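Residue-level listing of the chains:
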Amino acid sequence: MAIKGNPGDNKSRGPTSIFVVAALCCFFYLIGAWQRSGFGKGDSRALLITMKAEDCSILSNLEYETHHGDQGGVVDDPKLEVKQFEPCGEQYVDYTPCHDQMRAMTFPRENMNYRERHCPPEEEKLLCLIPAPKGYITPFPWPKSRDYVPYANAPHKSLTVEKALQNWVQYEGNLLRFPGGGTQFPRGADAYIDQLASVIPMDNGTVRTALDTGCGVASWGAYLFKKNVIAMSFAPRDSHEAQVQFALERGVPAVIGVLGTIKLPFPSRAFDMAHCSRCLIPWAANGGLYMMEVDRVLRPGGYWILSGPPINWRTNYQAWQRPKEELEEEQRMIEEIAELLCWEKKYEKGEIAIWRKQVNCEYCSERDSRVTLCDLSNSENVWYKKMEACVTPYPETTNLEQVSGGELKPFPERLNAIPPRIASGSLRGVSVESFQEDNKLWRKHVKAYKRVNKLLDTRRYRNILDMNAGLGSFAAALESSKLWVMNVMPTIAERDTLGVLYDRGLIGIYHDWCEAFSTYPRTYDLIHANGIFSLYKDKCNAEDILLEMDRILRPEGAVIFRDHADILGQVKRIASGMRWKTKMVDHEDGPLIPKKVLFAVKGYWVVGDNNTTILQ
């Protein structure tokens, strides 16, 4: 629980102090040095050498630093009380508030309801800092992280035993090794993906975004990066410990989630392909409800891959230990629902079947008379909304050749092309000109960020979270094979632009920051928070949001806050009680701009470590 600290222990250190600036900059440099050396945290000799260095090459230009300290509304008064946060107990090392195992068991098991989001009430929220496990170190840089994860970072062996014959994960000394295998791809993910690519255009940029349902340890998504395809992977927090945690430790996008009773937290027409490899989802159940939900988030012309039961049941029913009549009926129903949805079967070989969603409703003239159509105007209103047994209509077209919702450029051209949802004028308040201006503005912002935190141009930050993504221009300005960005669309945002991000070939998710994010602790290397505290100022407690940021941020991870000066002053004060180091700078357009930027670095500490951070 949170406790009160001694105000006199928190001495004022304004950003004009060269010592503090140098220390923070050396800290950024040090993190990079550890990353490059492969040591991660723990090289005390490197720490001493670096901290004694007279000249730190990462030091920002002094003229960029704010020249009026914390004045102008950013008050860091040493007389103001600073709350110091204690560590939570060791039992909370892997705490996921909205997917807590004990709480989950109090909910109905029908349709996986108990595996969905069930967040703690206000009085049960933890007001303490989630600790890292003993021995935690900085993850390996990509692509080494794809194959190796330090065992201390995710000390779980369950899958190494349960999936030992399927090459999911192996325990080797102090490491977990991920050979790239899977239940449905014994020859490895590369060979499996190449088989899919013989049917699906993954090599020319046409297919960019993918959804992996029931992803396991996300090896499919991990190896898709070779083809410049980015997958949003999800799996429930279940008896197979740490699936999503493993994925994120490897540097692969993933969230805790399940196809249960509520809609997926994604916009309609988001993904170029969706995938299920032995994902154990009952696709034929509930009148095809889950296939209808996949249809909602699948782009016209997109592909659905089903790998495993019941495909090729005649050959495999004995190995699967299921009655062949049951499997035959299951596949028959899946085929029937796919036809009802107007999906064309393009391929079936072995245990893999691939369907393609038609590009517009002109090909599906009979469908609309045979199904219940959802309300198209309500198709993006998905947060905690129940799934409905209805089919999401195609946006209107005028001929057979026209792609419903608009045709996309191949990636990477797609990233900065005018998104169809903007070009069509369907997104209220966003014009072609304002989109282009937003792109230009965020390129300038990111350039300024890099002048302060030069590790943004290295492999130090792989998993990046943008808490208030807007049009996705922050992620577009950072776009690199070294990293990926989870773009979050706050459910209370004035304008829902998440569909635009998917048009651009980015990935993202809806979320309400008054609640915990659907991820494990320590899963992001860098968090970007633009205007998030202004947005939630009258909605929930800033302290709760910052504690959640601390939970999901890696030790020695970084945060960039962009907000009004008075709000950042409050954020800075709370952060000082969370073992974070901070540095305030002016807006890149000068000190008279009321918005400022606050840079922060989370300290390193682990379970049982009652000392303060390594910097002290």
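The rules behind these values
- Residues numbered from 1 in each chain as written.
- Predicted model: local features only at pLDDT ≥ 70, side-chain atom pairs only at ≥ 80, totals over all residues.
- Heavy atoms only, no water.
- Buried < 20%, exposed > 50% of the residue type's maximum accessible area, 1.4 Å probe, protein only.
- Helix = DSSP H or I, 4+ residues; strand = E, 2+ residues; numbered from the N terminus.
- Pairing = 2+ DSSP bridges.
- Right-handed = clockwise from strand over helix to strand, strands pointing away.
- Salt bridge = Lys/Arg side-chain N within 4 Å of Asp/Glu carboxyl O.
- Phe/Tyr/Trp six-rings, centres within 6.5 Å; stacked < 30°, edge-to-face > 60°.
- Lys NZ or Arg CZ within 6 Å of the ring centre and 35° of its normal.
- pLDDT = per-residue confidence, 0-100.
- Contact = heavy atoms within 4.5 Å.
- 1 Å grid on protein atoms, 1.4 Å probe; cavity = no way out; pocket = protein on both sides within 12 Å on 5 of 7 lines; lining within 4 Å.
- Points joined across faces, edges and corners; volume = space filled by probe spheres on them.
- Nonpolar A, V, L, I, M, F, W, Y, C, P; charged D, E, K, R; others polar.
- Axes fitted to C-alpha atoms, helices over the stretch in contact; angles between N-to-C directions.

K.L.:
Which parts of the structure should I look at to understand helix 9 (residues 289-297)?
P.N.:
Given 3.6 residues to a turn, an α-helix orients residues that are three or four positions apart in the same direction. The buried fraction of helix 9 is high, at 9 of 9 residues. Taken as a whole, helix 9 has its buried residues at L289, Y290, M291, M292, E293, V294, D295, R296 and V297.

K.L.:
Looking at this structure, I do not really get the pairing of strand 9 (residues 271-277). What am I missing?
P.N.:
Within strand 9, 7 of the 7 residues are buried, leaving the element largely enclosed by the surrounding structure. Direction of pairing for strand 9 relative to strand 10 (residues 298-307): parallel, over a ladder of 6 bridges. Across the sheet, residue C276 finds its bridge partner in strand 10, namely L306. Crossover connection from strand 9 via helix 9 to parallel strand 10: handedness right-handed.

K.L.:
Could you clarify how one ought to interpret the pattern of salt bridges in this entry?
P.N.:
Here the structure, examined in full by the defined rule, presents 35 salt bridges. Among the ionic pairs, R299 bridges to D272, the shortest N-O distance being 3.1 Å. In this pair, R299 is assigned in strand 10 and D272 in strand 9, connecting sequence segments 27 residues apart. Judged by relative accessible area, which is 9%, R299 ranks as buried. Overall, D272 belongs to the buried group, its relative accessible area being 6%. Two residues, E330 and R322, come together in a salt bridge whose shortest N-O distance is 2.6 Å. Exposure remark for E330: the relative accessible area of 16% places this residue in the buried category. Connected via shared salt-bridge partners are D272, R299, E380, R414, R421 and D503.

K.L.:
Help me understand the packing of aromatic side chains in this model?
P.N.:
Per the stated rule, a full pass over the model turns up 19 aromatic pairs. Ring geometry for Y449 and F599: centres 6.1 Å apart, planes at 90°, overall edge-to-face. A residue pair is termed long-range when its members are at least 10 positions apart, and Y449 in helix 15 (residues 432-452) and F599 in strand 19 (residues 595-602) qualify at 150 residues. Taking the relative accessible area as the measure of exposure, Y449 reaches 1% and is therefore buried. Here the aromatic rings of W513 and F517 are separated by 5.4 Å at their centres, their planes lie at 20°, and the arrangement is stacked. Like W513, the residue F517 is buried in the burial classification. An aromatic cluster of three or more residues is present, and its members are W283, W304, W343 and W355. For the cation-ring pair, R208 lies above F411, with the distance from its terminal atom to the ring centre recorded as 3.7 Å. For the cation-ring pair, R462 lies above F225, with the distance from its terminal atom to the ring centre recorded as 4.7 Å.

K.L.:
Sorry, what's going on with the confidence of the model for the chain here?
P.N.:
Caution applies to low-pLDDT parts of the model: their predicted coordinates are not meant to be read in detail. Overall, the prediction assigns the chain a mean pLDDT of 86, with 84% of residues at 70 or greater. Below pLDDT 50 for its whole length, residues 29-75 participates in 94 contacts with residues either more than four positions away or in separate chains.

K.L.:
Hey, could you run me through empty space enclosed by the protein in this one?
P.N.:
One water molecule sets the probe size; rolling that probe over the atoms shows where empty space is left. Evaluated as defined, the whole model comprises 4 cavities of 30 Å³ or more. Computed from the structure, the largest cavity encloses a volume of approximately 260 Å³. Looking at the largest cavity, it is lined by 22 residues, and the ones nearest its centre are R117, I256, G257, P265 and S518. Going through the elements one at a time, strand 8 (254-256) and strand 15 (507-511) are the ones with two or more residues in the lining of the largest cavity. It is strand 15 that provides the largest number of residues to the lining of the largest cavity, a total of 3 residues. For the lining of the largest cavity, the per-class residue count stands at 14 nonpolar, 4 polar and 4 charged. A volume near 90 Å³ is recorded for the second largest cavity. As for the second largest cavity, its lining consists of 16 residues, of which P139, F140, S145, R462 and D525 are closest to the centre.

K.L.:
Mind showing me how you'd approach the environment of G308 here?
P.N.:
Its place among the elements puts G308 in the loop between strand 10 and helix 10 (313-316). The buried category is assigned to G308, whose relative accessible area is 0%. Along the primary structure G308 and W320 are separated by 12 residues, whereas in three dimensions their C-alpha atoms are 9.6 Å apart. Ignoring anything within four residues of it in the chain, the contact list for G308 reads Q184, R278, W320 and E351.

K.L.:
What's the story with the sheet that holds strand 4 (residues 170-172) in this structure? I'm lost.
P.N.:
Note on sheets: strands pair through backbone hydrogen bonds, and any given pair is parallel or antiparallel. Pairing within the open sheet is antiparallel, and its 3 strands lie in the order 3-5-4. The open sheet is flanked by strand 3 (148-150) and strand 4, the only strands paired with a single partner. Each neighbouring strand pair of the sheet contributes to a mean axis angle of 30°, computed without reference to strand direction. As defined by bridge partners, strand 4 adjoins strand 5 (residues 175-177) across 3 bridges and the pair is classed as antiparallel. The partner of E172 across the bridge, within strand 5, is L175.

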